[in-house]
Amino acid sequence: TEVHMKSLAAGPLVELPQCAVCLERMDETTTGMLTVLCNHTFHCECMTKCSTCPVCRFHALPPEQSSQVCMVCGNTEGLWLCLICGYVGCGRYEGGHARGHFERTNHTYSMDVEERCVWDYVGDNYVHRLIQNKADGKIVAVQD
């Protein structure tokens, strides 16, 4: 029909990706999305139910906090996981080794091992949604 042809002429249709855990569509209005080290993206809430990536079985989240230690001082409290390389360091209220890792490497995003919140060192705040920049492959925060 003529109406159908006009809607197709408006532009190509793009299928939105789905979260592999809950199978819900992920679009630009969705908040709380996380791209893990293996570059698969899920809702943060869904990833708290998984210890490995549901797509490739990569260990997407760190083991329980009690088995994690700061890679510099051995501290087991207030740990942060670098989302770029997997480095584990203690937070600013302990030895500050996670921040030191950022200063040495410019790895911007780190996740609180206990709370599973993502911190942006450049923006100096928590982020709600991360994606991989297609131009250079870097992980960046989505601005609302």
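Note that the structure is a prediction, hence the values are computed from the model and not measured. Residue positions are given per chain, counted from 1 along the sequence in the order it is written. Reporting of local features is limited, given that this is a predicted model, to residues whose pLDDT is at least 70; pairs of side-chain atoms are given and counted only at 80 or more, and all residues count toward the totals for whole chains, interfaces and linings. Neither water nor hydrogens contribute to the side-chain values; these are computed over all heavy atoms in the structure.

1. A look at the side chain of S110
Link 1 in the chain: Summarising the element assignment, S110 is placed in strand β5 (residues 109–112).
Link 2 in the chain: Each residue is placed in one exposure class: buried if its accessible area under a 1.4 Å probe, protein chains only, is under 20% of its type's maximum, exposed if it is over 50%, and partly exposed if it falls in between. For S110, a relative accessible area of 4% corresponds to the buried category.
Link 3 in the chain: Think of a polar contact as two N or O atoms within 3.5 Å of one another; within protein, one of them needs to be a possible hydrogen donor and the other a possible acceptor, and neighboring residues in sequence only count if both atoms come from side chains. Separated by 3.3 Å, the side chain of S110 and the backbone oxygen of L81 make a polar contact.
Link 4 in the chain: Note on contacts: a residue pair is in contact if any heavy atoms of the two residues lie within 4.5 Å. Not counting residues within four places of it along the chain, the set of residues in contact with S110 comprises W80, L81, C82, L83, C117, V118, W119 and Y121. Put simply, DSSP marks the helices as runs of H or I at least four residues long and the strands as runs of E at least two long, and each gets a number from the N terminus on.

2. Some points on the pairing of strand β3 (residues 79–82)
Link 1 in the chain: Here β3 shows no split at all, with L79 and L81 on one side and W80 and C82 on the other all buried.
Link 2 in the chain: Pairing geometry for β3 and strand β4 (residues 88–90), over three bridges, is antiparallel. Bridging across to β4, L79 finds its partner in C90.
Link 3 in the chain: The rule for pairing is simple: two strands pair if DSSP sees at least two bridges between them. Inspection of the sheet shows β3 paired to β5 by three bridges, in the antiparallel sense. The residue bridging C82 from the neighbouring strand is S110, located in β5.

3. A look at the packing of aromatic side chains
Aromatic rings in a pair are described by how distant their centres are and how their planes are angled relative to each other.
Link 1 in the chain: Aromatic pairs are defined between Phe, Tyr and Trp rings, using the six-membered ring for Trp, whenever the two ring centres lie within 6.5 Å; interplanar angles under 30 degrees are classed as stacked, those over 60 as edge-to-face, and all others as tilted. Evaluated as defined, the whole model comprises two aromatic pairs.
Link 2 in the chain: Measuring from centroid to centroid gives 4.9 Å for F102 and Y121, while their planes differ by 10 degrees, and the two rings are stacked. Taken as a pair, F102 in helix α3 (residues 97–105) and Y121 in the loop between β6 (118–120) and β7 (125–127) lie far apart in primary sequence, 19 residues in all.
Link 3 in the chain: Classification of Y121 by relative accessible area gives buried; the value is 9%.
Link 4 in the chain: An angle of 85 degrees between the planes, with centres 4.8 Å apart, marks the rings of W119 and Y126 as edge-to-face.

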